[in-house]
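Take a look at the letters that make up each chain.
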Amino acid sequence: MITTRLHPDKRTAAQAIAREMAELIVLRSKSGKPTVLGLATGSTPLPLYAELIRLRREEGLSFRSVITFNLDEYEGLGPEHPQSYRRFMEENFFAHVDVPKESIHIPDGLARDAARACADYEASIRAAGGIDLQILGIGRTGHIGFNEPPSSADSRTRRVHLDELTRRDNSVFFGDLAQVPHGALTMGVATILEARRVELIAFGEGKAEIVRRAVRETPSAACPATWLQRHPRCTFHLDAPAASRLQP
Ligand code: PGA
């Protein structure tokens, strides 16, 4: 089931989600349990990472007990590449908080044997006890992670081909469409649906139509985000423009 939550602006949304994450981390660490977070990249979660970093610096929130799994990585981009998600996460989050290095997992865009790397990634998530809370963005194709249409509900971590619309949308970060990789490694829809809690964030008018489809259309591979309707605890955090097409 998808619950929608309207926020006045990005910062307030980030504060609400960060607070929820902090409460979960503190609660679980009190009973000696790790917190397994599924993390996302792109411009949408940046205010969330900024708020988590503030909680670390100003309120002493510790991430020592946190284990992270990122959703995806571009194929062919290594940690040194400015547009790799490994680098994005390092610059925008990990360099500023105390998540232990060995607790950070991001698919390896340079893996020689992608199928093996993806199977190992699934195994690592299982070994960590599964994801407690998954952060998601949504692409205009309906992708979650890089699960482009068509992506079935039972898809697992795998190598995928990026949709041309996604490549165009992401070309702003690369400066040139030709530089945007054609492939990626991504957690699957089934992997995402197994997270115990899912928090999807979407801001702005440009996401209004895909948010409407994700919430209202019958679940199908044609719009992978619709599979979230089958999740027992999924919240869409929206600003007014992103929510503008949800009214009946
Ligand atoms: P964005 O990407 O945050 O840059 O809009 C979201 C996504 O593609 O999942």
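This text goes with the structure placed above it.
Description of the structure in this document. Model, not experiment: these values are computed from the prediction.

Cut-offs used in this document
Residues numbered from 1 in each chain as written. Predicted model: local features only at pLDDT ≥ 70, side-chain atom pairs only at ≥ 80, totals over all residues. Heavy atoms only, no water. Near = heavy atom within 4 Å. Polar contact = N/O pair within 3.5 Å; in protein donor to acceptor, adjacent residues only side chain to side chain. Areas by Shrake-Rupley, 256 points an atom, 1.4 Å probe, with all protein chains shown as cover. Nonpolar A, V, L, I, M, F, W, Y, C, P; charged D, E, K, R; others polar. Helix = DSSP H or I, 4+ residues; strand = E, 2+ residues; numbered from the N terminus. Buried < 20%, exposed > 50% of the residue type's maximum accessible area, 1.4 Å probe, protein only. Contact = heavy atoms within 4.5 Å. Pairing = 2+ DSSP bridges. Axes fitted to C-alpha atoms, helices over the stretch in contact; angles between N-to-C directions. Parallel < 35°, antiparallel > 145°, perpendicular 65-115°, else oblique.

Digging into the site of the ligand
Alright, step 1. As a structural note, the neighbourhood of the ligand is formed by Gly42, Ser43, Thr44, Gly137, Ile138, Gly139, His143 and Lys207.
Alright, step 2. Taking Thr44, its side chain carries an N or O atom lying 2.5 Å from an oxygen atom of the ligand.
Alright, step 3. For the ligand, whose accessible area on its own is 280 Å², the fraction buried by protein is 82%.
Alright, step 4. A per-class count over the shell around the ligand returns 1 nonpolar, 6 polar and 1 charged.

Topic: the side chain of Thr235
Alright, step 1. Tracing the backbone shows Thr235 in strand E10 (residues 234–238).
Alright, step 2. Since its relative accessible area comes to 16%, Thr235 is described here as buried.
Alright, step 3. Setting aside chain neighbours within four positions, we find Thr235 in contact with Thr3, Arg5, Val198, Glu199 and Leu200.

Examining unusual backbone geometry
Alright, step 1. Note the cis peptide between Pro149 and Pro150, where omega equals -5 degrees.
Alright, step 2. When you line up the elements, Pro150 lands in the loop between strand E6 (133–136) and strand E7 (158–161).

Structural notes on the pairing of E6
Alright, step 1. Along E6, one buried face is formed by Leu133 and Ile135 and the opposite face, lined by Gln134 and Leu136, is buried too.
Alright, step 2. Pairing between E6 and strand E9 (residues 198–202): 3 bridges, direction parallel. Among the inter-strand pairings, Gln134 is bridged to a residue of E9, identified as Val198.

Observations regarding the environment of Asp169
Alright, step 1. Mapped onto the secondary structure, Asp169 falls in helix H5 (residues 164–174).
Alright, step 2. Taking the C-alpha atoms as reference points, Asp169 and Val180, 11 residues apart in sequence, are found 10.0 Å from one another.
Alright, step 3. Of the polar contacts made by the side chain of Asp169, one reaches the side chain of Arg140; its length is 2.7 Å.

What about the packing of helix H2 (residues 46–59) against helix H3 (residues 85–92)?
Alright, step 1. Look at H2 against H3: their axes get within 10 Å of each other, and the N-to-C directions meet at 40 degrees. Viewed along their axes, H2 and H3 adopt a mutual orientation that is oblique. The residues of H3 that touch H2, namely those facing Leu46, Tyr49 and Ile53, are Phe88, Met89 and Asn92.
Alright, step 2. Across the contact of H2 with H3, the residue classes tally to 5 nonpolar, 1 polar and no charged.

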